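A look at the structure
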Amino acid sequence: METLKAQQKKKTAKTAMKITGAEAIIHCLLAEGVDLIYGYPGGAIMPVYDELYKFQDKLTHILTRHEQGATHAAQGYARVSGKVGVAMATSGPGATNLVTGLADAQIDSTPMVCITGQVPRHLLGSDAFQETDIVGISTPVTKWNYQITKASEIPEIIAKAFYIAKSGRPGPVLIDITKNAQFDELAFTYEKCTGVRSYTPFPKPEMSAIKAAAELINQAKRPYIVWGQGIILGEAEEELKALIEKTGIPAAWTIMGESAIPTSHPLNVGMVGMHGNYGPNVLTNECDLLLAIGMRFDDRVTGSLDTYAKQAKVVHFEIDPAEIDKNVKADVAVLGDAKETLQLLLPLVNTNSHEAWHNEFKAKDKIEFDTVIKNDIHPQKDGLTMGEVIEEINIASKNKAVIVTDVGQHQMIACRYAKFEQTKSNITSGGLGTMGFALPAAIGAKMGAMDREVVAIIGDGGYQMTIQELGVIFQHQVPVKIVVLNNDHLGMVRQWQELFFERRYASTVMVNPDFVKIAEGYHIEANRVSERKDLKQAVQKMIASDKPYFLEVKVEKEDNVFPMIPSGASVSDILLK
């Protein structure tokens, strides 16, 4: 006698649509709520593009100018919208061009699904034209990947891909689909994935750990919070704010966690890390309790692990068990989603203010302001500084812009001086440090939040790595604002050469093209500023525009970023000049 489940399966099979694998892919994407894809067509993925053509009214495809641009655009879209970004490419070089974006998304926990075409099943392993083992290549830089060789696999695997990409600690997933699977037919039905065997994306919090954390918080005299992107990914901004306001604990952020709490909040003490603020770094080694929430103790945050917070008890709130004790040993580990664990913690902690402890941060802030900040924001020298450009953008945008940064000096300056009042406002390449990230990521960010001002801050080096994506801005009239801080150098490498290699500027001098003419070639309004008297008006004009806009600012060539923790040094050894 047939079971009820078997009978239902038969009934479903009779009523299922008979469609090609390529069409099934489109139906799967629509079922997952996808309305925007970034990609680049080619032979092995052409059947899917043919179906995309038929579904243009439901699914928008953005033709990037390079597959790497597709992944970064998908990342920017995901980081601002909170949805899964989607990128698509053909086999061979199309697929391998996705790898940098996959690696970036993996280390920065960005939910993304990449779909690649592949040669037909019978040609696998034959070194056919444009065949590469993208599953093997991408395994180290994806949360999960899979090669589909039969049309019947498509619905289940795509459902699983979206579930894995967005659940728990998010990350990128790659699905490689052979050409025969795209052409062959299947009886199509779709069911969203709600769980995967042996995969526990949301660990159940243990109340014993939460109570132990609360006890340490209530006993501490000099407690300190460092939060990361886990707050944003877990949508735990309000819970973190409630925690610091109730306990009075000073709280600092990693660059991936920036904007979760408004810059103006009195308990937000600034940025930790190599170019972070003076007080948050030095006082890490003077606190008696370190609460790490949704951060992974990256080496750029900790400096030398041999000296990092050795005097403090460490409580680590983390969703990924692999991060516990990986770099810094925790006295108490609280596993679980940040929103849930902080909600459980809040009733158990005492109201406090820690005024004397806060005054130590304020004293360090004054030292940093007098030594560094006032010279960055209000310089007395003739040349323009990167810091004053960021300050003018803050003023013109009223601290409401989404700031997308590339990698280098401009990135650190932007993270230090940009002011945010809304979460999901700082979009940058953190863990991988990918030059070329900002321009395509800004396109994705704008498409993910059309109601918000999006400003890309880019160095002259990284800008030229993905400059071709200006074509996307022109074709689709994406109203992003692009600011290139041009010092005619690979600035961050040059800074290290100045400080540690006796000014031997080996291969860091840039002979740059006319960036304004290039932008104008793409029919993007453009301007150049080299003098302070013109800066404010130029920035205001850019922000006021409702169209794409390019602004080049010529800044000082030897304008260094301080404070700075030398590589491998202790956070206590931070340099102010």
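Rules used in this analysis
Residues numbered from 1 in each chain as written. Predicted model: local features only at pLDDT ≥ 70, side-chain atom pairs only at ≥ 80, totals over all residues. Heavy atoms only, no water. Core = buried A, V, L, I, M, F, W, Y, C linked by side-chain atoms within 4.5 Å. Buried < 20%, exposed > 50% of the residue type's maximum accessible area, 1.4 Å probe, protein only. Helix = DSSP H or I, 4+ residues; strand = E, 2+ residues; numbered from the N terminus. Contact = heavy atoms within 4.5 Å. Phe/Tyr/Trp six-rings, centres within 6.5 Å; stacked < 30°, edge-to-face > 60°. Pairing = 2+ DSSP bridges. Right-handed = clockwise from strand over helix to strand, strands pointing away. Axes fitted to C-alpha atoms, helices over the stretch in contact; angles between N-to-C directions. Patch = residues over 30% accessible without salt bridge, like charges linked within 9 Å, V, L, I, M, F, W, Y side chains within 5 Å. Areas by Shrake-Rupley, 256 points an atom, 1.4 Å probe, with all protein chains shown as cover. Salt bridge = Lys/Arg side-chain N within 4 Å of Asp/Glu carboxyl O. Parallel < 35°, antiparallel > 145°, perpendicular 65-115°, else oblique. Nonpolar A, V, L, I, M, F, W, Y, C, P; charged D, E, K, R; others polar.

1. Some thoughts on the nonpolar core
With 98 residues, the main nonpolar core has Tyr224, Ile225, Trp227, Leu290 and Leu345 as its most contacted residues. Here this core gets 6 residues from one element, more than from any other, and that element is helix H10 (residues 207–219). In this structure, Leu345 is in contact with Ile210, Ala213, Ala214, Ile217, Leu243 and Phe317, ignoring residues within four places of it in sequence. If you look at the next biggest cluster of nonpolar residues, it comprises 50 residues, including Ala70, Ala103, Leu439 and Val516.

2. Comments concerning the environment of Cys193
Take Cys193: it is sitting in the loop between strand E8 (185–188) and H10. By relative accessible area, which is 22% here, Cys193 ends up partly exposed. For the pair formed by Cys193 and Leu30, sequence separation is 163 residues and the distance between their alpha carbons is 14 Å. Apart from the residues lying within four places of it in its own chain, the contact partners of Cys193 are Ala159, Lys160 and Tyr163.

3. Quick notes on the environment of Leu485
Tracing the backbone shows Leu485 in strand E18 (residues 481–486). For the pair Leu485 and Ile458, spaced 27 residues apart in sequence, the C-alpha to C-alpha distance is 6.2 Å.

4. Observations concerning the packing of aromatic side chains
Taken as a whole, this structure holds 9 aromatic pairs when the rule is applied. With a centroid separation of 6.0 Å and 90° between ring planes, the pair formed by Tyr163 and Tyr199 is classed as edge-to-face. Pair noted here: Tyr163 is in helix H8 (residues 154–166) and Tyr199 is in the loop between E8 and H10, with a separation of 36 residues, a long-range link. Its relative accessible area of 13% is what places Tyr163 among the buried residues. Note on Tyr199: relative accessible area 23%, which makes it partly exposed. Ring geometry for Tyr224 and Phe361: centres 5.5 Å apart, planes at 50°, overall tilted. Of the two residues, Tyr224 sits in strand E9 (residues 223–227) while Phe361 sits in helix H16 (residues 355–377), which places them 137 residues apart along the sequence. Like Phe361, Tyr224 is buried. In textbook terms, an aromatic cluster arises when at least three aromatic residues are bridged by ring pairs, as seen for Tyr224, Trp357 and Phe361.

5. As for the pairing of strand E15 (residues 402–405)
Of the two faces of E15, the one lined by Val402 and Val404 and the one lined by Ile403 and Thr405 are each fully buried. Looking at chain direction, E15 and strand E17 (residues 454–459) are connected through 4 bridges and run parallel. Across the sheet, residue Val404 finds its bridge partner in E17, namely Ala456. Taken together, the 3 bridges between E15 and strand E16 (residues 426–428) define a ladder with parallel strand orientation. Looking at E16, one finds that Ile403 is bridged to Asn426. Following the chain from E15 across helix H18 (residues 409–417) to the adjacent parallel E16, one finds a crossover that is right-handed.

6. Focus on the sheet that holds strand E3 (residues 60–63)
A sheet is described by the order of its strands in space; here 6 strands give the open sequence E3-E2-E4-E5-E7-E6, paired in parallel fashion. Each of the sheet's edge strands pairs with one partner strand only, and the pair in question is E3 and strand E6 (144–148). Between one strand axis and the next, the sheet turns by 20° as a mean value, whatever way the strands run. Two strands pair when backbone bridges link them, and strand E2 (residues 36–39) and E3 are joined in this way by 4 bridges, in the parallel orientation. Within E3, the residue paired with Ile37 across the bridge is His61.

7. What to know about a nonpolar patch on the surface
Together, Met207, Leu344 and Leu348 make up a nonpolar patch on the protein surface, roughly 200 Å² of accessible area in all. Relative to the helices and strands, Met207 resides in helix H10.

8. Observations regarding unusual backbone geometry
Backbone torsion omega between Phe562 and Pro563 reads 0°, so that peptide bond is classified as cis. Structurally, the position occupied by Pro563 is in the segment after strand E20 (549–554). Here the phi dihedral of Gln477 falls at roughly 50°; this positive angle occurs in a residue that is not glycine. If you trace the backbone, Gln477 turns up in the loop between helix H21 (470–476) and E18. The residue Arg503 is not glycine, and still its phi comes out positive at about 60°. Residue position: Arg503 is located in the loop between helix H22 (491–500) and helix H23 (515–521).

9. What to know about the packing of helix H4 (residues 67–81) against helix H6 (residues 99–107)
The N-to-C vectors of H4 and H6 enclose an angle of 25°; their axes lie 7 Å apart at closest approach. As judged from the angle between their axes, H4 and H6 are roughly parallel. Every residue of H6 that contacts H4 at Gln68, Thr71, His72 and Gln75 is listed here: Thr100, Gly101, Asp104 and Ala105. Its residues placed into classes, the contact of H4 with H6 shows 1 nonpolar, 6 polar and 1 charged.

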